[in-house]
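# Breakdown of the fold
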Amino acid sequence: MNPRAVRLAAKVVFAICMATAETWVANAAAVPAFELDRGGVLNVVALPEVLSRREVRPHLISGLTTSFLVEVEARDARGQDVHGMGRIDVRYELWDEVYLVRVFGAGSAQRLPPVRSFEELQMVWQRLRLPITATGPLDRRGGPWKIEVTLSVVPFSQSEQRDAQRWFNDSIAVRPPTSVETPGVRPRDSATGGDDNGVLDLFLGSSIQRRSLVHYDWTVEFRPEPGR
Amino acid sequence: MSWRASLATFAVLGATALFLFHLFQREISGSWLAFGVHPQVLAELESSLADQKRLARSEPNRKAEYRQRFGRIEALLGHLRVLSFSRGEIARRYELALSGLLVAVLAAVAGAHAWRQAREGRRLERLRSALGDLAAGRTDLEVGVAGRDPIGRVAGMVEEASRTMAKDRRRIASLENLSAWQEAARRHAHEMRTPLTAARLELDQLGRLGPLLGAPEATHLVASVEQEIDRLERFTQSFATFARVPRPVLRREDLGALVADFGELFGSAWPNLTLCAERPVKPVAVTVDREMIRQVWVNLLENTAQACGEHGGKVVLAAGEGPTGPFVEVADDGPGIAPEVLPRLFEPYVSGRPGGGGMGLGLAISRKILLDHGGDLELIESGPRGARFRLSLPRPEGAG
């Protein structure tokens, strides 16, 4: 066999192994932690640090709102389960060069003070306490709970989606050229049927939808401490 | 075109359309979106954002203006970034919309083609059936296939041919019928002429002997019998005339001039009739025997004069040219023709005169004359406000 081909194959196998190992280590090393407060609400207290990952970090400084959606499904030993969701919005304010962070948990919304740097943002992330769901139906004495967590990263918010849809529809609408536009008067919105291509524009415009760029899944065993 | 051929044609057309569509989408439609979210565009916008900030720092008094411009650029950059995230989905939907449109157009074309094929099939089937009927000898066909396309034109020709066949058959039947009547009339005339001649000779001798026998009433009886023999001779002469209707000697004439001449010559021939001759605007050429045609008009006007009696009436002779050829209409404002006579109007020895007057040969002779010309004589309408006859004449050879 050609020695060069052997070396090349070995290099490829090594690269694949390294990449797999890196991912495995990253996933295995960092898992979310949970706390049960006195009201029986399950909180995520230590989300794994995903901000610096290369599939996430560039979006944080795009000027758009990056949403981190946390979905949790907790099941006790008897098979009883509860579901909950939380959201963390991070937007980099390009003019002031600060990160604006808002946290939406179970029955709460919180705007955090502006964050000046990425490092500070990482610290804020690690200190986050995100209330997810009440755990009333679950049995705290019967054994550990199995909690499945999914963290999805969505690159823009709903309001940014609506703005972009409107802008897109206005941009692709075919309008007769006008020499002078009346100041202060906006052209008609094509999406509302203002021209002949309204249906097509609406069809195309509605293709601008929020989708998660990436998502991470963890399964954690959580032993609730009775009385806490 | 068979359905297999149609299917193959549509398959080729569809494949071509899809290929062109794909080419168009790939080379033209997709590129504008790629251009909009080109990394260089985004980089330039980011650079512009940084510029606005630098400008605001260097010119604090215009900070609000730069901040506003920064906001606009930031919004545009945000929109483009959102667009770049959804680029694949937008392109997919765009392709979907265009594909749907293409499929709809192809389906509409295929549907229209199938409908047209089915319609053409039905029309061809009707035409085939009509041609079969025509071949079987049926006449006066209505194919029911209209249109200016070849099928419609052929259907029109089939209908025209069937109408011509029907007309010719009626004409032949009429001629055969009249020929039989003519033969009978000739025999009657021949058979009656000899005994009538003998009877007249005997009667002449009886007339000469009457005074010698001293029977004055015999002279009166002889005169009475002579009158009856005269009447029988007139009948015999009529039979002979009907039996010997001559063949027309055709010459090219202007129908308008014929009608006008007739009006001038015969305008006062019937004291109780007012004759009005209307000639067409343009000359209408016909090939007729002038005298025989006049004879027809005379016969018709004679009947009208008899029917109108002392009340009098008006007769209009109007010449013209219609789609089927030249014609002359003879319309009067008399009492019309008795309904019971209508079915046998043109048969010999049928008379509508009150009291059975006349031999009833005038219309039969007239129709024979027209049929010998290649035309026809028809009653168009009859009622209390008058009757209208139409003399149809063939177009002269070489005329359009």
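Let me begin by describing the structure that accompanies this report. Since this is a predicted model, take the numbers as computed values, not measurements.

Core analysis: the largest hydrophobic core is formed by 45 residues, its most contacted members being B:Val259, B:Val296, B:Trp297, B:Leu317, B:Val328, B:Val330 and B:Leu391. Top contributing element to this core by residue count: helix H8 (residues 290-308) of chain B, with 8 residues. Inspection of this core shows a minimum of three residues originating in each of domain 2 (163-243) and domain 3 (251-392) of chain B. Not counting the four nearest positions on each side in its chain, B:Trp297 is found in contact with B:Phe262, B:Leu317 and B:Val330. A:Val44, A:Ala74, A:Leu94 and A:Leu151 belong to the second-largest nonpolar core, a separate cluster that totals 36 residues.

All right, on to the environment of B:Ala107 then. Topologically, B:Ala107 is positioned in helix H4 (residues 87-135). Along the primary structure B:Ala107 and B:Gly14 are separated by 93 residues, whereas in three dimensions their C-alpha atoms are 9.8 Å apart.

Below, the discussion takes up the sheet that holds strand S4 (residues 313-322) of chain B. Residue and element names in this part refer to chain B. Taken in spatial order, the 5 strands of this open sheet run S2-S4-S5-S7-S6, and their pairing is mixed. Where the open sheet ends on each side, the last strands, each with one partner, are strand S2 (273-278) and strand S6 (376-383). Each adjacent strand pair in this sheet contributes to an overall mean axis angle of 15°, direction not counted. Strand contacts of H8: S2, S4, strand S5 (325-332) and strand S7 (386-392), with the helix running at about 150° to S4, the strand carrying the most contacts. Most of the contacts of helix H9 (residues 362-372) go to S6, to which it runs at about 135°, and overall it touches S6 and S7.

All names here are of chain B. By the alternation rule, side chains of strand S3 (residues 285-288) split into Val 286 and Val 288, which are all buried, and Ala 285 and Thr 287, of which none is buried. Pairing analysis gives 4 bridges linking strand S1 (residues 251-254) to S3, with the strands arranged antiparallel. Paired with Arg 251 across the strands is Val 288, a residue of S3.

All names here are of chain A. Spatial ordering of the open sheet is given by S6-S5-S4-S3-S8-S9, a layout of 6 strands whose pairing is antiparallel. Edge positions in the sheet fall to strand S6 (108-111) and strand S9 (214-222), since each has one partner strand and no second. Ignoring which end each strand starts from, the neighbouring axes of this sheet average 15° apart. Summarising the sheet, strand S8 (residues 145-154) and S9 pair through 9 bridges and their orientation is antiparallel. Looking at S9, one finds that Thr 150 is bridged to Asp 217.

Conventions and cut-offs
Residues numbered from 1 in each chain as written. Chains lettered and ligands numbered in written order. Predicted model: local features only at pLDDT ≥ 70, side-chain atom pairs only at ≥ 80, totals over all residues. Core = buried A, V, L, I, M, F, W, Y, C linked by C-beta atoms within 7 Å. Buried ≥ 20, exposed ≤ 12 C-beta atoms within 10 Å, placed from the backbone. Helix = DSSP H or I, 4+ residues; strand = E, 2+ residues; numbered from the N terminus. Domains from an automatic or database assignment. Contact = placed C-beta atoms within 7 Å. Pairing = 2+ DSSP bridges. Axes fitted to C-alpha atoms, helices over the stretch in contact; angles between N-to-C directions.

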